[in-house]
Amino acid sequence: MADGRPISIRFDGGPADTRDMSTAHRRLVTVAAIMAVALLGLTGCQETTPADQAEVINLVNTSRKQYGKKSLKVDEQLNVKADAWAQHLRDKCSLSHSNLSDGAPSDWRRLGENVGYAGSISQVHAAYMKSSGHRANILDGDFDRIGVGAVNGRCGGYNVVFTVQVFLDQD
C-alpha cells in the first residue's frame, strides 16, 4: 500500500483484484497467498465439532466432579493434537497411543492419553470409566488441562467415533 491504493485479496477461490497493484504488490500478494495455503496444509484441518468436543469435556468433568476432583481446563494446543491423532486412528481403523510430547505445550510436567472408539461418545466414556488405566487418567487430580478429539468414521463395517483425550499436568 505504498502508493495509498488498497490491495484486495480473496481467499474464496476467486482471483485477487490486481487492477491497481504494481508488480511488487502483485508479487507480495502472491507470496502471501502461497504462504497461507502452505500454512493451512501444515496445520491440517480439525474435524472435531464444537458440540462433540463439549460432550467429551462435559463427560470427563462430570465424572471428575462425582469423585471430588476439579474440572479440567481446555487447552487449544492439546485439542489440535488430540484431533489430529483421532483422525489418524480413524484412518488406520486401529488404536495406538501418540508420542505424547509431540504437539504438546512446552510447559508440561506430566502427560496422559486415552484413546478409544465405540458407537457414540458416551459409550467410549463409559468404557473408559470401566478401565482402571483410563479411569485413572480421567480422575487424576494432578492433571489440570485437557485436549480432546472426537472423529467419526467407519471401522469394521460400523459407524464409530474415535476419541482421544490428552491430559496435562502443568509446571
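Residues numbered from 1 in each chain as written. Predicted model: local features only at pLDDT ≥ 70, side-chain atom pairs only at ≥ 80, totals over all residues. Heavy atoms only, no water.

### Some thoughts on the sheet that holds strand E3 (residues 145-155)
And step 1. Strands sit in the order E1-E3-E4-E2 across an open sheet of four strands; the sheet is mixed. Only two strands of the sheet have a single partner each, and these edge strands are strand E1 (73-74) and strand E2 (108-118).
And step 2. In this structure, E1 lies alongside E3, joined through two bridges in parallel fashion. Counterpart to Lys73 in the pairing with E3 is Arg145.
And step 3. Along the sheet face, helix H5 (residues 132-139) touches E2 and strand E4 (158-170) and points at about 130° away from the line of E2. (Pairing = 2+ DSSP bridges. Helix = DSSP H or I, 4+ residues; strand = E, 2+ residues; numbered from the N terminus. Contact = heavy atoms within 4.5 Å. Axes fitted to C-alpha atoms, helices over the stretch in contact; angles between N-to-C directions.)

### Quick notes on the confidence of the model for the protein
And step 1. Residues at a pLDDT of 70 or more form 74% of the protein, whose mean pLDDT is 81.
And step 2. Considering only residues more than four positions removed or in separate chains, one finds that residues 28-43, a stretch of pLDDT under 50, has six contacts. (pLDDT = per-residue confidence, 0-100.)

### As for the packing of aromatic side chains
And step 1. Summed over the entire model, instances satisfying the criterion amount to two aromatic pairs.
And step 2. If you follow Arg110 out to its NZ or CZ, it ends over the ring of Phe143, 4.5 Å from the centre. (Phe/Tyr/Trp six-rings, centres within 6.5 Å; stacked < 30°, edge-to-face > 60°. Lys NZ or Arg CZ within 6 Å of the ring centre and 35° of its normal.)

### Some words on the environment of Asp169
And step 1. Considering the arrangement of structural elements, one finds Asp169 in strand E4.
And step 2. The class for Asp169 is buried, based on a relative accessible area of 8%.
And step 3. Taking the C-alpha atoms as reference, Asp169 lies 5.8 Å from Trp108; in sequence the two are 61 residues apart. (Buried < 20%, exposed > 50% of the residue type's maximum accessible area, 1.4 Å probe, protein only.)

### Section: the environment of Gly147
And step 1. As for its placement among the helices and strands, Gly147 is situated in strand E3.
And step 2. Residue classification places Gly147 among the buried positions, given a relative accessible area of 0%.
And step 3. When the C-alpha positions of Gly147 and Leu78 are compared, they lie 4.2 Å apart, and in sequence the two are 69 residues distant.
And step 4. Here Gly147 is in contact with Asp75, Leu78, Asn79, Ala82, Val164, Gln165 and Val166, once residues within four sequence places are set aside.

### Topic: the nonpolar core
And step 1. Residues Val60, Leu72, Ile138, Ile146 and Phe167 are the most contacted members of the largest nonpolar core, which totals 17 residues.
And step 2. For this core, the secondary structure elements donating two or more residues are helix H2 (50-66), helix H4 (121-130), H5, E3 and E4.
And step 3. Of all the elements, H4 adds the most residues to this core, at four residues.
And step 4. Once residues lying within four places of it in the same chain are set aside, the contact partners of Ile138 are Val60, Ser63, Arg64, Asn114, His125, Tyr128, Met129, Gln165 and Phe167.
And step 5. Core analysis: the next-biggest nonpolar cluster, separate from the first, contains 15 residues, Ala82, Leu111, Val115 and Val164 among them. (Core = buried A, V, L, I, M, F, W, Y, C linked by side-chain atoms within 4.5 Å.)

### Examining the packing of H2 against H5
And step 1. Put simply, H2 and H5 touch, their axes get as near as 9 Å, and they point 85° apart. By the angle between their directions, the pair H2 and H5 is classed as roughly perpendicular. Together, Val60, Ser63 and Arg64 of H2 and Asn137, Ile138 and Leu139 of H5 make up the contact between the two elements.
And step 2. Broken down by class, the residue content of the contact of H2 with H5 amounts to three nonpolar, two polar and one charged. (Parallel < 35°, antiparallel > 145°, perpendicular 65-115°, else oblique. Nonpolar A, V, L, I, M, F, W, Y, C, P; charged D, E, K, R; others polar.)

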